[in-house]
Every structure is written in structure tokens, then in C-alpha cells.
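Fold and contact review
So you can see what is in the structure, the chains are spelled out below.
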Amino acid sequence: MRKPVIVSVVNHKGGVLKTTTTANLGAGLARKGSRVLVCDLDPQQNLTVSLIGRVPYDENTPTLYDALMEEGGLDHLIRPTSTKYLDILPSSEDFFAAELSLAPREAREFVFRTCCEQTTALKAYDFVLIDNSPSVSLVTVNSLIASDYFLVPVSAEYLPLTGLVMLGDSIGRIQHKLAPSLRSLGVVITLFHRSETICRRVERELERELGDMLFRTRIRVNTKAKTAPSVMKTIFEYEDSPQGRGTEDYTQLADEVVERVASFESATSLEPAAHA
Ligand SMILES: Nc1ncnc2c1ncn2[C@@H]1O[C@H](COP(=O)(O)OP(=O)(O)OP(=O)(O)O)[C@@H](O)[C@H]1O
Ligand SMILES: [Mg+2]
């Protein structure tokens, strides 16, 4: 498997569990022994706050925004979390300005990728998961271009396909013009409640339309997952039980991600032989 495998967690719809999934999939992978870096590319800083607390802004301390502006490495910004093998690249209060500051730059879509290429520590990770804001902004485009895969959480609500088609169109344009090797890792249904008719209807529709691209894992509605970030804990730490609903769901998702990446990567490595 290539190292690291970089995955953008994206959906322009808000509140579909992008941040929760980045944190807990990251923790799930780390618990399986993978070295994982989660990156917060959302100016809302939710991932940062939920894992290590707010990083106070101080104009003399370098931030992710500064690294982007300088197109430099990110090593000095990486911080450990309370989960073994899980580190974070935190967002910062000044990061909201990144969108406007990047806009007039040359090769503005490739800035984060350049920063990653200059980050020595990155090679030590098996997975890098990037949390994004609820929009296909220039910063999100930077995230996608730095990534090998994108993963889309979609909440089990009315009309998910309309949003998915729009997102697919936007990402398709980016793939076509700027990132031909970017691939979909799949779609995961979140906020799922099997006893609700609408959830089962959405599940059937997505199974029919997406086939194998839909993860088998469902991230179920879970009140503990709402509280865990407020005490800076992953769902594994907060539930502290193998039978915890979120622990089960994110363990299963981590298993599926590892399985899927391995199968995609081995298919890719066979491609030259197939053409020979
Ligand atoms: N399994 C769950 N069941 C119910 N609520 C959850 C669950 N997991 C997370 N939540 C809550 O749902 C809300 C939205 O989650 P989250 O912040 O991960 O979504 P998001 O897609 O990152 O949002 P945004 O688009 O604003 O970045 C949060 O308040 C979170 O605590
Ligand atoms: Mg979020």
C-alpha cells in the first residue's frame, strides 16, 4: 500500500458527520495499528476543538494559514492527540482568511499539495484524513488535489441523491481538469435509524444507485457521539466499551476502509501488467 493514503472527507451539505467521521474513522484506524494524521481544513475548527481543544491564536506562533501562504512544510504544526498513533494538523483562528488569500495566487489549487510534499513527517503515516468545510470551496479543492481518495458521508434524510449528484458533478470537473488520479473511496450513510421509514427508503435508493460504492457500514444515530467532542474524546474513549454503538460502527467503517483501499491499490498495481 502506498504511504500515506490521503483521503478527503467531503460533502457540501452541512451536518452530515464529516468532522465526526474524520475523527472517529481516524481513531478506528489508529486502534488497528495504523499511523494516522487527521487534518482540519475547515475554518470552523470543529475537528481541532473536538480532539485537542481550541488552539489560541498568537500572531508570533506559526499557523496552518501561514504554512499555506509560504507553501512550506507542515511538520512543525502536527500535534499528538490522546489516542495512540493518532495525530492532528490543527486549524487556526486565522484560517478563515485562506480562501480569499489563495484566490489570486498562481496554481492556487495546488498549494496544500505542495505543503504536503514538503512535510517530512507525512511519510510516517499510513493514512491522512482531511476534514473539510461544508462547501466545495478553493480550500476544499486544495484538499481534493492533495488526496488519493475522497469519502462522502451522507445523512439518511430526504433527497440525498440530488445533493450527491451535484457533488459528483463538482468533483468530476476537478478530477477531469486537475486531479485525474483522484478516486472515490465510497459513500457512507450516517445518522441512520433503522426503525425510521425515511432512513430505510434512503438506504434502498442509495444501494440501488451506488452499488458497491456504498459502504456496508451505517453510522447510527447516537447521542453519545454528540457529547464526546465536548470533552475532547473520540467515540472509542467516550463509550469505553466494545459494544458501544459508535465504537461498533466506526470499527466496522475502519475495517471496510482498509479492505477497500487494499483492493483498489492492488487493482491499480496490476494495471501496467494488464496492458503489457
Ligand atoms: N452518530 C451520531 N448521532 C447523532 N448526532 C451525531 C452523531 N455523530 C455526531 N453527531 C452530531 O451531529 C452534529 C453534526 O456532526 P458533524 O459536526 O460531524 O457534521 P459536519 O458534517 O462536520 O458538519 P459541518 O458541515 O458543519 O462541518 C454534531 O453536533 C455532532 O455532535
Ligand atoms: Mg465539520
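Everything here concerns the structure above.
Overview of the structure. Nothing here was measured: the structure is a model prediction, and the numbers come from that model. (Residues numbered from 1 in each chain as written. Chains lettered and ligands numbered in written order. Predicted model: local features only at pLDDT ≥ 70, side-chain atom pairs only at ≥ 80, totals over all residues. Heavy atoms only, no water.)

**Thoughts on the site of ligand 1**
Taken together, 16 residues form the shell around ligand 1, and within it Lys18, Thr19, Thr20, Arg220 and Asn222 come nearest. Note that an oxygen atom of ligand 1 is positioned 3.0 Å from one of the backbone N or O atoms of Val16. At 3.1 Å, a backbone N or O of Leu17 approaches an oxygen atom of ligand 1. For ligand 1, the accessible surface in isolation is 640 Å², of which the surrounding protein chains cover 80%. (Near = heavy atom within 4 Å. Polar contact = N/O pair within 3.5 Å; in protein donor to acceptor, adjacent residues only side chain to side chain. Areas by Shrake-Rupley, 256 points an atom, 1.4 Å probe, with all protein chains shown as cover.)

**Regarding the pairing of strand E2 (residues 36-40)**
Taking burial as the measure, the five residues of E2 include five buried ones, the bulk of the element. Of the two faces of E2, both are covered, the one formed by Val36, Val38 and Asp40 as well as the one formed by Leu37 and Cys39. Pairing geometry for E2 and strand E4 (residues 86-89), over four bridges, is parallel. Bridged to Val36 within E4 is Leu86. For E2 and strand E5 (residues 127-131), the ladder comprises five bridges, and the chain directions are parallel. If you follow Cys39 over to E5, its bridge partner there is Ile130. (Buried < 20%, exposed > 50% of the residue type's maximum accessible area, 1.4 Å probe, protein only. Helix = DSSP H or I, 4+ residues; strand = E, 2+ residues; numbered from the N terminus. Pairing = 2+ DSSP bridges.)

**Focus: the side chain of Thr140**
With respect to the helices, strands and loops of the structure, Thr140 is situated in helix H6 (residues 138-145). Given a relative accessible area of 2%, Thr140 falls into the buried group. Each residue touching Thr140, except ones within four places of it in the same chain, is listed here: Val10, Asn132, Ser133 and Ser135. (Contact = heavy atoms within 4.5 Å.)

**Some points on the environment of Ser8**
When you line up the elements, Ser8 lands in strand E1 (residues 5-9). On the basis of relative accessible area, Ser8 is assigned to the buried category, the value being 0%. Residues Ser8 and Val38 lie 30 residues apart in sequence; the distance between their C-alpha atoms is 9.9 Å. Ignoring anything within four residues of it in the chain, the contact list for Ser8 reads Ile130, Asn132, Ser143, Leu144, Ser147, Tyr149, Phe150 and Leu151.

**Focus on the packing of aromatic side chains**
One pass over the structure, following the stated rule, counts one aromatic pair. Cation over ring: Arg183 sits above Phe264, and NZ or CZ is 4.2 Å from the ring centre. Across the ring face of Phe215, the terminal group of Arg260 is positioned such that the distance to the ring centre comes to 4.0 Å. (Phe/Tyr/Trp six-rings, centres within 6.5 Å; stacked < 30°, edge-to-face > 60°. Lys NZ or Arg CZ within 6 Å of the ring centre and 35° of its normal.)

Any functional reading would require information that these geometric values do not contain.
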